[in-house]
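Listed below are the residues making up each chain.
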Amino acid sequence: MFRKIGFKLIVAVGLTALITIGVFAYFNIQSHSNSLLAEVERSANQLSETVKHSTRYDMLLNQRDRINKIINTIGQQPGIRDVRVLNKVGAIIYSSHAEDIGKMVDKKEESCYACHAANKPLERLPIKDRTRIFRTSPGSNRVMGIISPIYNEKSCYEADCHAHSKSQTVLGVLDVTISLEEVDKQIKNGEMEIVIFAITAIIVLSLLIGFFVKRWVDKPIKELLYATNQVGTGNLNYTIQNIRNDDMGVLARSFNNMTKKLSEARLQLFQSDKMASLGRLAAGVAHEINNPLTGVLTYSSFLLKRTQDNPELQEDLKVIVRETKRSREIVKSLLDFARQSVPKKNQANINEILANAISVVENQLSLNHIKLVKNLEPNLPDITVDANQIQQVYINLIVNASDAIGKDGGTITVSSSLLSLSPYGITHVKKAVCPKRHDLMDNEVKIGGMPSIKVKARSNGEEGFINLDPMYGKCRHQYGIEIDEKKEVQFACPQCGISLIEEGKKCPKCGSPVFYFEVTSNGMFEGCTKRGCDWQKWDAVDMSGKKDYIEVKISDTGCGISKEDLPKIFEPFYSTKGQKGTGLGLAVIWGIIDNHNGTINVESELDKGTSFTIRLPMQQIK
Amino acid sequence: MNKQFDILVIDDEQVIVDAVSKICAAEGLKVDSSINAADAILKIKKNVYKIIICDIMMPEVDGFQFLDEVVKNNIMSPVIMTTGFSTVENAVRSLYNGAIDFIPKPFTADELTNSVYRGLRYLDIQKSLAKYSSGNNDASIIYVPCPAKYYRLGYSSWASPENMGSILIGVTDLFLKTIDPIIEIDLLKIDDEIIQGNSCIQLKTRDGLNHSVLSPVSGRIIEKNEMLLSETSLVEKDPYFKGWFYRVIPSDSEYELKQLTPCSSDRL
């Protein structure tokens, strides 16, 4: 738990918040309490002035009772702790607490200290120095005291009582003390509020971060971890679903791509490994079988030579020699096959290859009551192919067809024909790049079994992706966004965002803007951006004109393939045969046909049958 | 030298030794045999054989080690190797190392006797050559050796690399001297693949024998000498130039030419 990214992030953010709020709170409380104290000080000062002024007249008349009464009345107000008047020597003359009257106040006492600290009585003091905050006893409330000296005036020493002489400067001191209990309470409350605010803020912040980290980081990481474990244990078919549109999504997508590449590589490795071990096996078997075969062949041919006068025996011996020679050829072809695991293209006749393929599976077909109808074009020209590989393709397809028919019998039709087709609808884009040479091919979305071309589209203020059909002229695009038919669409490279719209060019069919991209080493591909318009142009391919193809069609009356399964059949490891198949057959076939620059198409209807059409070009496209 | 034998057969399979012995005996040849090469090495040191037929793949001492012994002991007897298809490359190596021919297993009685027949003729030529060489060192009186820039597979076929990268293939004069005059030539088709050490030409001779010529290189045939079909004697008249058989695009000439003997070494 403590090692989790989420937790670490929460701790980091919590600490930052704590420090920020703490510093803020400290200065806030400081200024708050300062302004509160200043306010109290101001009002205390005002109070002492009020006392001084209200007793002034009585003082002049020396009406001590009245002064006492006034001071008592004021001193009884809430919040005012004490109001005293001291004379010059420090005796308390008036006090709101009657018991204090007559007592002497020491010069070192709180109320006198400000003036007498320097051992010499000061005569005028600024207000700041006249106030003091102190506690009467430890643990009790704070108290603010303010002294205000009563200066000698003309009216004082000329008064009738002659209490003061003219030479005195200060006649006495008015000392007012005010309890700070209320103020302290307010300050404490303020502190409390800020602490509560800080704690709530930190908790809420942590929860929010925790939530988002869980959502944006933890969950995708968990999914990725699960996927890596799946791949680690060998399930290369596992793909991460729910891909987000953020960095994690990019990671997940590249992970999916990696597993896909891995599974393809494994497939190839598996295939070549299979071929290699088959080759070793064949070589071993050939050598082992050659010795006994030599015995048979030498003896029989020797006998044939020696019994020339016995025609009856000769016939039988000739059969033995002929059949042994045939075995010799079989062993030889087995070795040739092993040697040819590396593709070797030669001139070959498709009809011959088909005939060879059929001869291999013929027995199996007749056992399953399957009728094989051959519908071959007699005058097929030779074509440059790897005869072994192409034969493997036909055998695989016929075996698949017979599996689809099952034991109840049916018909497989094999036909070959020569076609001349324009590249439109036949050729497909194998590699497409944007003007900045970013790869546009998307291996994740396949259209017609081939990787599609992914572009970013902007329409009506919305953004999304469109997967374009790689087949020239087919336009089975997959739209990731809603496109308003009437509005124009912008196409761009998903990686760099460069526009793929051709400036100043309009679709000759509908007048919409035209998109373009480069097909690596095969010119420019152009097409109409409007949904539903099928105008496309690929000059480099069109220029080469019509091409001759040899088409082989293998159809069966078997169980067919459902519409949902149809796009998946060329994917490695996809099998409908359960434990019986490896799911490799059609993927390998696709690879072989693609290697020959051919195409393979499948049409199927459930319970009616399936037909595979393979077209191989007569001329190899450069 | 206690006994006189014509042929020594060496093979680890008794059935093959028996078969070869019987076939050769029927041809009137005296046959000695051994089912392991170690014994055979002792035998060749004691006795003189006209021809030795030896298998390549054998336990303990194999055909190559045996061949080395033959060469080391200056034994004149021509050695014919037999081998399974899987060791064609090894067979080519054995020709380089001094064997005169090899027969891929399984073989028929005729294939064996044809090879033995050529072997005997080869021995005769070598013998008369030895006679001549005591006075005169020129082999060309008996046969024309192949030109300096050619390569040969054993003594039978030659390969001559051309400027365009193609290779011309034919048979040596020495091979022609070991067979009767040719009456029919059977060639493969254009675009066929040939493999080094595998049969690529069938020559039918006046004595009714069928001789197959082993290809010196692997590759695809792009042209064959059509003139030979109408005028078979062209081969005998000019075996190294007008009497070529195939023009081939080699599949791996650099490697394969190393397996062949350069004809320039014959002229030292």
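Everything discussed here concerns the structure shown above.
Bear in mind that the values here come from a model prediction, so they are computed numbers and not experimental data. (Residues numbered from 1 in each chain as written. Chains lettered and ligands numbered in written order. Predicted model: local features only at pLDDT ≥ 70, side-chain atom pairs only at ≥ 80, totals over all residues.)

## A look at helix α10 (residues 387-405) of chain A
Part 1 of the argument: Here α10(A) contains 19 residues, and its C-alpha end-to-end distance of 27 Å stays within 8% of the 27 Å for a straight helix at 1.5 Å per residue.
Part 2 of the argument: Two residues or fewer past α10(A), Gly406(A) is found with a positive phi of approximately 85°. (Helix = DSSP H or I, 4+ residues; strand = E, 2+ residues; numbered from the N terminus. Expected span 1.5 Å × (residues − 1).)

## Section: the environment of Val235(B)
Residues and elements named next belong to chain B.
Part 1 of the argument: Here Val-235 shows up in helix α8 (residues 233-237).
Part 2 of the argument: On the basis of neighbour counts, which here come to 25 C-beta atoms within 10 Å, the residue Val-235 falls in the buried class.
Part 3 of the argument: For Val-235 and Pro-181, which are 54 residues apart along the polypeptide, the C-alpha to C-alpha distance reads 9.8 Å.
Part 4 of the argument: In this structure, Val-235 is in contact with Val-171, Leu-176, Ile-182, Leu-228 and Gly-243, ignoring residues within four places of it in sequence. (Buried ≥ 20, exposed ≤ 12 C-beta atoms within 10 Å, placed from the backbone. Contact = placed C-beta atoms within 7 Å.)

## Comments concerning helix α2 (residues 64-75) of chain A
Residues and elements named next belong to chain A.
Part 1 of the argument: End to end, α2 covers 16 Å across 12 residues, agreeing with the expected 16 Å (1.5 Å per residue, within 8%).
Part 2 of the argument: The set of residues buried in α2 consists of Ile-67, Ile-71 and Gly-75. Projected down its long axis, α2 shows its buried positions confined to an angular sector of 65°, all on one face. Exposed side of α2, more than 90 degrees from the buried face: Asp-65 and Thr-73 are the residues found there. (Arc of directions from axis to C-beta.)

## Brief notes about the pairing of strand β14 (residues 246-250) of chain B
Residue and element names in this part refer to chain B.
Part 1 of the argument: Side chains Tyr-246, Val-248 and Pro-250 of β14 all project onto a buried face; the interleaved residues Arg-247 and Ile-249 project onto a face where none is buried.
Part 2 of the argument: Note: strand β8 (residues 167-171) against β14, 3 bridges, orientation antiparallel. Bridging across to β14, Ile-169 finds its partner in Tyr-246.
Part 3 of the argument: Sheet analysis places strand β13 (residues 219-224) next to β14, joined by 5 bridges and oriented antiparallel. Paired with Ile-221 across the strands is Val-248, a residue of β14. (Pairing = 2+ DSSP bridges.)

## Here we look at the interface of chain A and chain B
Part 1 of the argument: Between chain A and chain B, the residue contacts involve 23 residues of the former and 21 residues of the latter.
Part 2 of the argument: Contributions of two or more residues to the side of chain A that touches chain B are made by α7 (247-306), α8 (311-339) and β6 (346-348) of chain A.
Part 3 of the argument: Ranked by the residues each element gives to the side of chain A that touches chain B, the list is headed by α7(A), at 15 residues.
Part 4 of the argument: Across the side of chain A that touches chain B, the residue classes tally to 9 nonpolar, 10 polar and 4 charged. (Nonpolar A, V, L, I, M, F, W, Y, C, P; charged D, E, K, R; others polar.)

Purely spatial values, then, with no claim about function.
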